[in-house]
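What follows is the residue order along each chain.
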Amino acid sequence: MQERFPLVTGVVVSALMVSFVSSLTATASATPREHADRTWMANGRVHALVRAGNLLLIGGHFTRLLPPHGSRKEPLNVDNLAAIDLSTGKPVRSWRPRVPGADATVHALAVSGGIVYVGGRFDRLAGTDVENLGAVRLSDGVAVAGFAPAIAGRVFTLLASPDRLYAGGAFGRVDGASRAKLAAWDLPSRDLSGEWRPRAVGGAVRDMTFDASENSIFIGGAFAEMAQSGSTFTRESVAKVAALTGRLRTWRIPTGVIGRPQTGWALEATRARLYGGFGRGPNFAAAFEPDGTVGTRFWRERLVGNVQAVELSPNGRRLFLGGHFGLGELQQHKCGRSLRGLISVRPRTGKAFCDWIPQLAPFGANFDGAWTMLAMGSKLWVGGGFAKIGDREQRNLARFSI
């Protein structure tokens, strides 16, 4: 997902900020490092990463942040939600909203107007009863009073603008009202929107991202159709709707190009391309035309496991792919090397770069891997389920110099 910076005013701006221009120019031609930096880790799976000012917010299914490999520092107890100070690389001990429960998992995070929205599978957030979605203040982690919608199913993805919060997942109702895997709340009132009501027909919604204009939203998931005004329309795993009204756009990827059954796990959009990670039948990453009425496919790179994360480098020259390809029984080689859950490709062609193929472990019999990524400045953060990168311990959260 493209990095978005929530400011105090609630304004959302692109990751390509003026303040980063000089550093990006200096590092534009640098080769990414395959070995992860020595950073704090998590003792369980990481599903969500989002930047909020100078903080990296982390969500998942974990109870401790672990110090860097070789450090003598003590672990920090948390409950599925934590923050790291990007200036120091250290956990923020004063920001630890609890999401307790043996099965509690944070799948999604979004920030707008100084509020952190938290989605997943849980019934308590920062001491408040909730049902799979809630909110806390960015300043101190205290629960936001009055926002505890009853979501009848998991929330897998959140997307926020200054005036609206969008959610997607495996739910069918919100506060008793019918909402087929998609819902939105007006901000700052946090009232459930009666206008924005697209309906995904089939499996869960897994990801959402704005188009370059932010007037439309691309939706990815395990659905095969979208419903509108009593009719259904074929949309295999990817759809485009109006950000304001939720009306289905005429744009679509031609039937059969993605196929079914299939899941669109991750999406990222620019003015020239819509990038997607897919997996359920064949597993692949692909790029499509994002505008007009036809989502023409530009390229497809097949892999042997789900592509569950896609992230464009801040300079736009490299597309990072994450998933469990090469970590299960099926094996694959690129550039004469084994794939192990991470690779980068050329955004225009999909052809692999041979200089960055990090080796996640364990491999051979699991479906963990890299599930979420966030690029900012000269760093790429990766979250998921892994114990090592190369020959060094790096559990579930990693940072690469790119």
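Residues numbered from 1 in each chain as written. Predicted model: local features only at pLDDT ≥ 70, side-chain atom pairs only at ≥ 80, totals over all residues. Heavy atoms only, no water.

## Description of the overall build of the chain
Keep this limit in mind: For the purposes of this entry, the term helix denotes a DSSP run of H or I that reaches at least four residues, the term strand denotes a run of E that reaches at least two, and both are numbered from the N terminus. With C-alpha atoms as the basis for the radius of gyration, the globule rule is written as 2.2 Å multiplied by the number of residues raised to the power 0.38. Whether a residue is buried, partly exposed or exposed follows from its accessible area with a 1.4 Å probe, protein chains only, as a fraction of its type maximum: under 20%, in between, or over 50%, in that order. Pairs of residues are marked as contacts when any of their non-hydrogen atoms sit within 4.5 Å. Only the protein chains shown count as covering a residue, and every accessible area follows the Shrake-Rupley method with a 1.4 Å probe. In this count, Lys and Arg are taken as positive residues and Asp and Glu as negative ones, while His and the chain termini are left out. A single reference atom marks each charge: NZ on Lys, CZ on Arg, CG on Asp, CD on Glu.
Secondary structure summary: the chain contains 1 helix and 38 strands in total. Taking 402 residues into account, the globule formula puts the C-alpha radius of gyration at 21 Å, and the chain, at 20 Å, falls close to it. If you line up the chain on its principal axes, its C-alpha atoms span 55 × 45 × 45 Å. Expressed as a percentage of the 402 residues in the chain, the buried residues total 58%. Expressed as a percentage of contacts within the chain between residues at least 6 apart in sequence, the contacts between residues at least 24 apart total 47%. When the accessible area of the chain is evaluated, it comes to approximately 15800 Å², of which 49% is carbon and sulfur surface. In the chain, the 49 positive side-chain charges and the 31 negative ones have mean positions that sit 4 Å from each other.

## A short note on the environment of Arg 235
Applied cut-off: Counted as a polar contact is a pair of N or O atoms within 3.5 Å, where, for protein atoms, one must be capable of donating a hydrogen and the other of accepting one, and residues adjacent in sequence contribute only when both atoms are in side chains.
With respect to the secondary-structure elements, Arg 235 resides in the loop between strand S22 (231-234) and strand S23 (238-242). Separated by 135 residues in sequence, Arg 235 and Pro 100 place their C-alpha atoms 37 Å apart. For Arg 235, the contacting residues outside a window of four places in its chain are Phe 223, Ala 224, Glu 225, Met 226, Leu 248, Arg 249, Thr 250, Trp 251 and Arg 252. A distance of 3.0 Å separates the side chain of Arg 235 from the backbone oxygen of Arg 249, its partner in a polar contact.

## Focus on the side chain of Asp 79
Along the chain, Asp 79 falls in the loop between strand S7 (76-77) and strand S8 (81-85). Judged by its relative accessible area of 15%, Asp 79 falls in the buried class. Those residues in contact with Asp 79, other than ones at most four positions away along the chain, are Phe 62, Thr 63, Pro 97, Arg 98, Val 99 and Pro 100.

## Concerning the pairing of strand S35 (residues 379-385)
The test is simple: Two strands are said to pair when DSSP picks up at least two bridges between them.
In terms of residue burial, S35 counts as a mostly covered element, since 6 of its 7 residues are buried. The pairing of strand S34 (residues 369-376) with S35 spans 7 bridges and is antiparallel. By the bridge assignment, Met 376 is partnered in S35 with Lys 379. What sits between S34 and S35 in their antiparallel hairpin is a turn of 2 residues, with Gly 377 showing a positive phi close to 60°. Here S35 runs beside strand S38 (residues 397-401); their pairing, made up of 5 bridges, is antiparallel. Bridge pairing in S38 links Val 382 to Ala 398.

Note that all results are geometric; they support no functional claim without further evidence.
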